[in-house]
Amino acid sequence: MSTPKLEYFYFDACPFCQKVLRVIQSTNIKVEYKDIMSDMSSLERLVNDTGRRTVPCLYIDNMPMHESDDIIHWIEENVDKLEKNS
Ligand SMILES: N[C@@H](CCC(=O)N[C@@H](CS)C(=O)NCC(=O)O)C(=O)O
């Protein structure tokens with residue numbers, strides 16, 4: 001089975017995003033970063049898909065997940081099957 005594609009929507013000054021980022025970095029999982037402050041197409045996609053501009057949001061195979069604690073919990077539960085950076 002292939003590993004899920006992960007896209008991480010965030011902006012730098014968001015403390016909830018930083019909390020999730022620390023887990024992304026410590027687990028070394030591979031994500032595509034989507035900075036909604038510098039990339040308007042990512043912001044538009046987030047708003048179109050979720051009706052909100054709230055971050056952090058982790059897209060798991062194109063399914064958006066909000067809430068930093070839920071995202072961290074999901075990463076910790078699934079870390080063994082996620083692709084890592086080389
Ligand atoms: N309970 C949420 C809080 C997320 C949150 O408040 N994010 C702020 C940035 S720090 C935000 O995106 N605010 C803009 C909005 O919700 O429209 C979490 O833990 O992820």
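Up top you'll find the structure we're talking about.
Here we summarise the structure given alongside this text. The structure displayed is predicted, hence computed values, not measured ones. (Residues numbered from 1 in each chain as written. Predicted model: local features only at pLDDT ≥ 70, side-chain atom pairs only at ≥ 80, totals over all residues. Heavy atoms only, no water.)

1. Details of the pairing of strand S2 (residues 32–35)
In step 1: Sheet analysis places strand S1 (residues 6–10) next to S2, joined by four bridges and oriented parallel. Looking across to S2, one finds that tyrosine 8 is bridged to tyrosine 33.
In step 2: For the segment spanning S1, helix H1 (residues 15–27) and S2, crossover handedness is right-handed. (Pairing = 2+ DSSP bridges. Helix = DSSP H or I, 4+ residues; strand = E, 2+ residues; numbered from the N terminus. Right-handed = clockwise from strand over helix to strand, strands pointing away.)

2. Side note on the pattern of salt bridges
In step 1: For the structure shown, the criterion picks out five salt bridges.
In step 2: We note a salt bridge from glutamate 7 to lysine 34, for which the minimum N-O separation is 3.9 Å. Residue glutamate 7 is found in strand S1, and its partner lysine 34 is found in strand S2; the two are separated by 27 residues along the sequence.
In step 3: Taking relative accessible area as the criterion, glutamate 7 reaches 2% and is therefore assigned buried.
In step 4: In this structure, the salt-bridge partner of aspartate 69 is lysine 19, at a minimum N-O distance of 2.8 Å. Note that aspartate 69 is positioned in helix H3 (residues 68–78) and lysine 19 in helix H1, a separation of 50 residues in sequence. (Salt bridge = Lys/Arg side-chain N within 4 Å of Asp/Glu carboxyl O. Buried < 20%, exposed > 50% of the residue type's maximum accessible area, 1.4 Å probe, protein only.)

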